[in-house]
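# Per-entry structural report
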Amino acid sequence: MDTMILGLPMIYYVAMITKVLVAFIFVLLTVAYATYAERKIIGHMQVRLGPMRTGWHGLLQPIADGVKLFFKEEIIPSSSSRFAFIIAPLIALIPAFITFAVIPFGGVMEVAGYKIPLQIAGYYDTVAGRIFDVNVGMLYILAMSSLGVYGIVLAGWSSNSKYSLLGGLRASAQMISYELSAGLAVVSVFMLSGTLSLHEIVMQQSAFNGMNWYIFKQPLAFFLFFVCSLAEINRTPFDLPEAESELVSGFCTEYSSMKYAMFFMAEYANMVTVCALSATLFLGGWQGPFADTFTILGPLYFIAKLYFLMFVCIWIRATLPRYRYDQLMYLGWKVLLPVSLLNIVVTGLVGYFISH
Amino acid sequence: MNPFTPIIKGLKITLDHLFKKPVTRQYPTERPKVSPRFRGLHALNMSHDKAKCVACYLCPTVCPAKCITVEAAEDANHDKYAAVYEIDMIRCIFCGYCVEACPVDAIRMTGEFELANYRREDFIYTKERLLEKK
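Helix and strand content of chain B: four helices and seven strands. Starting at the N terminus, the α and β elements of chain B follow one another as α-β-β-β-α-β-β-α-β-β-α. What you see for chain B is a C-alpha radius of gyration of 24 Å, clearly larger than the 14 Å of a compact globule of 134 residues, by over 25%. Seen through its principal axes, chain B has C-alpha atoms that stretch 85 × 30 × 30 Å. Counting the 134 residues in chain B, one finds 13% classified as buried.

In structure tokens form, the structure reads like this:
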């Protein structure tokens, strides 16, 4: 146990690999079953049953879908730009998954006297006696979520089809315009927290009854962030990049087989990340009653909050029709952006008067 | 009107519906209950182990789809009977006029509605096949 690799004990590496594997598999399973939950919940909201045939109440549906997509024919259009066409799903998928690295999903777990923070990009320093994590965690997430746009734009462009191109264009325009308001909405949280480190932000929201959650101090910011995130991950009512009635399937029209599945996985992984982020920033992350005493409760609270927000996403999808393109742009630039700027100003003024 | 009220109203409606009992019928396992006067596959009625049909040709005459073929013959007792009685289920529109027209109550319609088949020939229901339907 005392072997040191690059100045860190062996158990650090073991813990790290375990954390990565557990988190990755968790996200992967959540992504798979998010599709099932979506079909089931929307089904019941439309007084239908949803998938019922594959397994008990259709529980094996995501697996059947995966197998089906995996064995489908791989079609690469002859007029497409081959390299970009093949690389685009990967570019969309990878940022969607790696954003999860900085999200804390629990407190500090002690295994054989070694303290492991339940956050992939985190390290418990025994000398300093506290957790060190990526101190620009939020910035990293914003950067990665903007990287995801490249995958979609590339997919739209390289397919060499008008529907794909229009879908890609819409996606890029939409993601860029809503990322502004989303970024500005979280700025008001940083003004309260004074840090970009997600671990610190979660620690500041610790309270037995959750009264320290930033959603109570910044309800408008939560609303703005959630709405803008929905637009950023191309979910209804902002799913214009893949508006079926106009663009066939948007940027992924020409895609088939596993490459298509990868776009879908990226989409749902983005949904998981955005919901996890909203939970972390505004709903106190893994904090909850007794979470400090019993470490295992932390991840459970986190999962509960994450799943609740995902349910809200699905619920919104079942309720709202798609925005028209000009309405989308109007909402992004003329409503959400000024409101989020105003929110920052008000937060700043209130903060100034409280401190003086 | 403020833009949130309709959205919240809509969200409430969908949430209400989430807890309603789904109207879906799990068809192949869960069968629908057809009404007694449902117009499904035809059946020829029997009397004393013989088809009641006297081959009067009223049903092929009244049939708007011209799907019934009847050929009359004489049996050992010099009674008229239908030697051939065929209904082409591809042509049949299930209007029930044949049942209405029949003077001797020889034909009726059953509740059977799953009439899909693999070959065109299988859609021609002969007298034997129609008699089998009790």
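This part covers the overall build of chain A. Each helix and strand counted, chain A has twelve helices and six strands in total. Whereas a compact globule of 356 residues would reach a radius of gyration of roughly 21 Å, chain A reaches 21 Å, a difference of no more than 12%. Over its C-alpha atoms, taken along the principal directions, chain A stretches across nearly 60 × 55 × 45 Å. Partitioning the intrachain contacts of chain A with sequence separation of at least 6 by distance along the chain shows that 73% fall at a separation of at least 24.

What follows deals with the confidence of the model for chain B. Residues of chain B with pLDDT of at least 70 account for 98%, and the chain-wide mean is 88. Among the prediction metrics, the complex's ipTM stands at 0.73, with pTM recorded as 0.82.

Moving on to the confidence of the model for chain A. Taken as a whole, chain A shows an average pLDDT of 83; of its residues, 97% reach a score of 70 or greater. Across chain A, element-level confidence peaks in helix 11 (residues 297–319) of chain A with a mean pLDDT of 88 and bottoms out in helix 9 (residues 244–247) of chain A with 69.

This paragraph deals with the sheet that holds strand 5 (residues 80–88) of chain B. Paired through their backbone hydrogen bonds, the strands of a sheet run either parallel or antiparallel. All names here are of chain B. With antiparallel pairing, the three strands of this open sheet are ordered in space as 4-5-7. Lying at the two open borders of the sheet, with one neighbouring strand each, are strand 4 (68–74) and strand 7 (124–125). One ladder, built from seven bridges, connects strand 4 with strand 5; its direction is antiparallel. Residue pairing in the sheet places Glu 71 in a bridge with Val 84 of strand 5.

Residue and element names in this part refer to chain A. Within the element layout of this structure, Arg 235 appears in the loop between helix 8 (219–232) and helix 9. Given 19 C-beta atoms within 10 Å, Arg 235 falls into the partly exposed group. As for Arg 235 and Ile 316, which are separated by 81 residues in sequence, their C-alpha atoms are 9.2 Å apart. Ignoring anything within four residues of it in the chain, the contact list for Arg 235 reads Leu 230, Met 271, Cys 313 and Arg 317.

A few words on the interface of chain B and chain A. If you look at the interface, chain B gives twelve residues, while chain A gives twelve residues. Here the residues of the side of chain B that touches chain A are counted per class, giving six nonpolar, five polar and one charged.

The next subject is the packing of helix 3 (residues 82–98) of chain A against helix 10 (residues 257–282) of chain A. For any two helices packed against each other, the geometry comes down to the angle between their axes and how far apart the axes lie. All names here are of chain A. For the pair helix 3 and helix 10, the least separation of the axes is 8 Å and the interaxial angle reads 25°. Considering the angle they form, helix 3 stands roughly parallel to helix 10. The two elements helix 3 and helix 10 cross, and the hand of that crossing is left-handed. Contacts between helix 3 and helix 10 involve Pro 89, Ala 92, Leu 93, Ala 96 and Phe 97 from the first element and Lys 259, Met 262, Phe 263, Met 265, Ala 266, Ala 269, Asn 270 and Thr 273 from the second. The class makeup of the residues in the contact of helix 3 with helix 10 is ten nonpolar, two polar and one charged.

Take helix 5 (residues 162–193) of chain A next. End to end, helix 5 of chain A covers 46 Å across 32 residues, agreeing with the expected 46 Å (1.5 Å per residue, within 8%). Directly after helix 5 of chain A, the chain includes Gly 194 of chain A, whose backbone phi takes a positive value near 75°.

A separate point is the packing of helix 3 of chain A against helix 4 (residues 137–158) of chain A. Residues and elements named next belong to chain A. Where helix 3 contacts helix 4, the two axes come as close as 8 Å, and the packing angle between them is 160°. Accordingly, the angle class assigned to the pair helix 3 and helix 4 is roughly antiparallel. Pair helix 3 / helix 4 crosses with left-handed handedness. On helix 4, the residues touching Ala 84, Phe 85, Ala 88, Pro 89, Ile 91, Ala 92, Pro 95, Ala 96 and Ile 98 of helix 3 are Met 144, Ser 145, Leu 147, Gly 148, Tyr 150, Gly 151, Ile 152, Leu 154, Ala 155, Trp 157 and Ser 158. Here the contact of helix 3 with helix 4 is composed, by residue class, of 16 nonpolar, four polar and no charged.

What follows is about the environment of Val 134 of chain A. Residue and element names in this part refer to chain A. Positionally, Val 134 belongs in the loop between strand 6 (130–133) and helix 4. For Val 134, a count of 19 C-beta atoms within 10 Å gives the class partly exposed. For Val 134 and Glu 242, which are 108 residues apart along the polypeptide, the C-alpha to C-alpha distance reads 34 Å. Excluding its chain neighbours within four sequence positions, the residues that come into contact with Val 134 are Val 102, Ala 121, Tyr 140 and Ser 197.

Each value, and the rule that gives it
- Residues numbered from 1 in each chain as written.
- Chains lettered and ligands numbered in written order.
- Predicted model: local features only at pLDDT ≥ 70, side-chain atom pairs only at ≥ 80, totals over all residues.
- Helix = DSSP H or I, 4+ residues; strand = E, 2+ residues; numbered from the N terminus.
- Rg over C-alpha atoms; globule rule 2.2 N^0.38 Å.
- Buried ≥ 20, exposed ≤ 12 C-beta atoms within 10 Å, placed from the backbone.
- Contact = placed C-beta atoms within 7 Å.
- pLDDT = per-residue confidence, 0-100.
- Pairing = 2+ DSSP bridges.
- Nonpolar A, V, L, I, M, F, W, Y, C, P; charged D, E, K, R; others polar.
- Axes fitted to C-alpha atoms, helices over the stretch in contact; angles between N-to-C directions.
- Parallel < 35°, antiparallel > 145°, perpendicular 65-115°, else oblique.
- Left-handed = near helix turned anticlockwise from the far one by under 90°.
- Expected span 1.5 Å × (residues − 1).

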